[in-house]
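# Understanding the architecture of this molecule
So you can see what is in the structure, the chains are spelled out below.
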Amino acid sequence: MIQISTNLKHIKGFINDEQLHCFSNKIENTFNTIYNKSGAGNDFLGWTTLPSEMTKEFIQDIKEQAEALRKKSEIFVVVGIGGSYLGARAVIEALSHQFGALINKVGNTQVVYAGHNMSEEYMVELLELLDNKEYSMAVISKSGTTTEPAVAFRILKNHLENKYGKEEARTRIVAITDKERGALKTLANEEGYKTYIVPDNVGGRYSVLTPVGLLPIAVAGINIEQLMKGALAMETYCKENQNSNNVVAQYAVARQALYHDGKTNEILVSYEPRLQYIAEWWKQLYGESEGKDGKGIFPASDIFTTDLHSMGQYIQDGLRNLFETIISVERPTKEMRIPLADNDLDQLNYIAGRRLSEVNRTAETATILAHVDGGVPNIVIQIPEISASTIGELIYFFEMGCALSGYMLEVNPFDQPGVEAYKKNMFALLGKQGFEDRAAALKERIK
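The present account deals with the structure reproduced in this document. (Residues numbered from 1 in each chain as written. Predicted model: local features only at pLDDT ≥ 70, side-chain atom pairs only at ≥ 80, totals over all residues. Heavy atoms only, no water.)

### Describing the overall build of the protein
Helix and strand counts for the protein come out as 19 helices and 10 strands. Scaling as 2.2 N^0.38, a compact globule of 447 residues should have a C-alpha radius of gyration of about 22 Å, and the protein matches this with 23 Å. Taken along the three principal axes of its C-alpha coordinates, the protein extends 60 × 60 × 55 Å. Split into buried and exposed, the 447 residues of the protein put 50% on the buried side. Considering only contacts in the protein between residues 6 or more positions apart, those separated by 24 or more positions represent 79%. For the protein, the accessible surface area stands at approximately 20,900 Å², while carbon and sulfur atoms represent 50% of it. Mean positive and mean negative side-chain charge positions of the protein (46 and 57 charges, respectively) differ by 3 Å. (Helix = DSSP H or I, 4+ residues; strand = E, 2+ residues; numbered from the N terminus. Rg over C-alpha atoms; globule rule 2.2 N^0.38 Å. Buried < 20%, exposed > 50% of the residue type's maximum accessible area, 1.4 Å probe, protein only. Contact = heavy atoms within 4.5 Å. Areas by Shrake-Rupley, 256 points an atom, 1.4 Å probe, with all protein chains shown as cover. Lys, Arg positive; Asp, Glu negative; His and termini not counted. Charge placed at Lys NZ, Arg CZ, Asp CG, Glu CD.)

In C-alpha cells, the structure reads:
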C-alpha cells in the first residue's frame, strides 16, 4: 500500500474536465508504451523494475561495503555530476540531521561532494578539509571521461595516494561505472578498486536506486532497505493501476493539461528545508527529460516560507505562466511548541503553546489559497512524513511521472542531446585534439 496521494482540487478553476480528459484518456496507452518498451528510448527503462529486482544479497553487499568505508572515514567524498550525485545528495539531505556536520557524533561519517563543478576555490578548500580528516571516496561515471568528475577524481586520487600510499588508497576508492568499457572501468581493473556497475539500461538521472545512489546513502547511515521498500510499493502500485486514477498518472495528466493551457513553468515547493535537494534532483530529472524539440515545462523550485520573502511577490503578481506543485508533509518527526512571553512585544502570544508545525501547515494552506486567487494553479502531493520509505516512494513517483509526461509530450524522456553542445565548445576552446575547426570558428565569434 502506498503512502502518497495527489490532490488536484486547486487546479479546477484553471483546467476543465474536458482538458483533463484529453490527457487522462492517453494514460493507459502511455503505461503500455512504458511497460511494453515500445516508445523512444525504451532501452533505458531498467529503472522501472529496479526495486523488485534488487536482491537481499546485493543490498547486504552494499551495506557491508558502506560499513567498511564508515569505519575508516570521517569524510566520504562522492565524485560525480548530475544524476551521478544529485539523487544520493537528495536522499541524504532529506533523511540526515540538518546540523549533523556540526554535531560530530562518533562514527558519523559526513558525505561531501566533488566533480559537480569546476571551481578552483571549491577544490582547494575541499583538500584543506581532507588534509586533516580520514576519508575515502566513490567516483561515479559510466565513461570516466566526463570533464568535471574526471578532473576532480584526478586531483583527489593524487591527494589520497600521497596521504595514504597507493596500496591503502586502493582500499579507499570505490568505482561505480560501466560493466565492461570506459576509462574508469579500465583504471578500476588496473588498480583493483572495489567496483559497482551502473546498469546499461538506466540513465544517470534515473539511477538513484542503483549503487550510484545506494552506496553513498548507506555510507551516510540511512536505511537503504526501507528506501527500496518504499520504491517497491510504488512500483507495484503503478503496475497494478495503469489507469487515470493512479496518483502518478493524476500528476502527469494535470501538469500536461496545464502546460497545454499556457502554464509553461512548474515550481516544485516544499515547506521543509530538508527537501531542497529532492527539488534539485527533480529539476534535472524533468528538465533533461522534457526539455527538447522546442517543448517542455521549465522546472524551478522554492523552499517556503523562506522564498515567500524573495519569490513570493513574483508568484503572486508576476507573469501568469506558472503553476506550483507542493510536496506537503503531513506530520514532522520532532516536536517544538511556541513559548508564552510575559510582555508579548512581538504579539505572538495568540499562537503560544501551538506546535511550530501547525503554524507551518497553516502558512502552506494560506499560501496555496493566495496563489490560486492570484492565478497560479496548485497541485498538492501529500506524504505522511519524511522517512526512508516515503522518500523511496517519492523517487519512484517522480520517475514514473516523468516518463508518463515525456511520452504524452511526444519526446524521448531518456536522452539529453542538448547537453553535448557546451561540452564540444569547451573541448574546442581548451585545445582538445579533434576539435580544431570548431575552435577556430568559436574564436572568431568571441573576438
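There's plenty left to go through after this.
### Description of the nonpolar core
The nonpolar side chains of a soluble globular protein tend to be buried, and buried together. Trp47, Leu215 and Phe398 are the most contacted members of the largest nonpolar core, which has 96 residues in total. Take this core: its biggest share by element is 12 residues, from helix H17 (residues 388–408). Leaving out residues up to four positions away in the same chain, phenylalanine 398 has contacts with Tyr251, Leu268, Trp281, Trp282, Leu285, Tyr286, Ile327 and Ile381. Of all hydrophobic cores here, the second largest spans 23 residues; its members include Val112, Tyr135, Met137 and Ile173. (Core = buried A, V, L, I, M, F, W, Y, C linked by side-chain atoms within 4.5 Å.)

### Remarks on the sheet that holds strand S8 (residues 298–303)
Read across the sheet, 5 strands follow the order S1-S10-S9-S7-S8 without closing on themselves; strand pairing throughout is mixed. The outermost strands of the open sheet, each flanked by one partner alone, are strand S1 (5–7) and S8. When the angles between neighbouring strand axes are averaged without regard to direction, this sheet yields 20 degrees. Relative to strand S10 (residues 378–383), S1 is paired through 3 bridges, and the arrangement is antiparallel. (Pairing = 2+ DSSP bridges. Axes fitted to C-alpha atoms, helices over the stretch in contact; angles between N-to-C directions.)

### Focus: the pairing of S10
The element S10 is largely enclosed, with a buried count of 6 among its 6 residues. Burial of S10 is two-sided: the residues Asn378, Val380 and Gln382 facing one way and the residues Ile379, Ile381 and Ile383 facing the other way are all buried. Bridge count for strand S9 (residues 322–329) against S10 is 6 bridges, and the pairing is parallel. Looking at the pairing, valine 329 lines up with isoleucine 383 of S10. Handedness of the crossover joining S9 and S10 through helix H16 (residues 356–373): right-handed. (Right-handed = clockwise from strand over helix to strand, strands pointing away.)

### Some remarks on the sheet that holds strand S4 (residues 135–140)
As summarised here, the arrangement of the 5 strands in space is S3-S2-S4-S5-S6, forming an open sheet in which the pairing is parallel. Edge strands, defined here as strands with exactly one partner in the open sheet, are strand S3 (110–114) and strand S6 (194–197). Recorded for the sheet is a direction-independent mean angle of 20 degrees between the axes of neighbouring strands. One ladder, built from 4 bridges, connects strand S5 (residues 173–177) with S6; its direction is parallel. Residue pairing across strands places isoleucine 176 opposite tyrosine 196, the latter belonging to S6.

### Regarding a negative patch on the surface
A cluster of acidic residues, Glu120, Glu121, Glu125, Glu128 and Asp131, forms a negative patch on the protein surface. The topology assignment puts glutamate 125 in helix H7 (residues 120–130). (Patch = residues over 30% accessible without salt bridge, like charges linked within 9 Å, V, L, I, M, F, W, Y side chains within 5 Å. Salt bridge = Lys/Arg side-chain N within 4 Å of Asp/Glu carboxyl O.)

### Some words on helix H2 (residues 27–35)
At 3.6 residues per turn, the α-helix brings residues three or four places apart onto the same side. Within the span of H2, buried status applies to Ile27, Thr30, Phe31, Thr33 and Ile34. Take H2 and look down its axis: the buried residues cluster within an arc of 155 degrees, on one side only. Residues of H2 that are buried make contact with helix H1 (17–24), helix H12 (224–240), helix H13 (247–260) and H17. Two residues or fewer after H2 comes lysine 37, characterised by a positive phi angle close to 55 degrees. (Arc of directions from axis to C-beta.)

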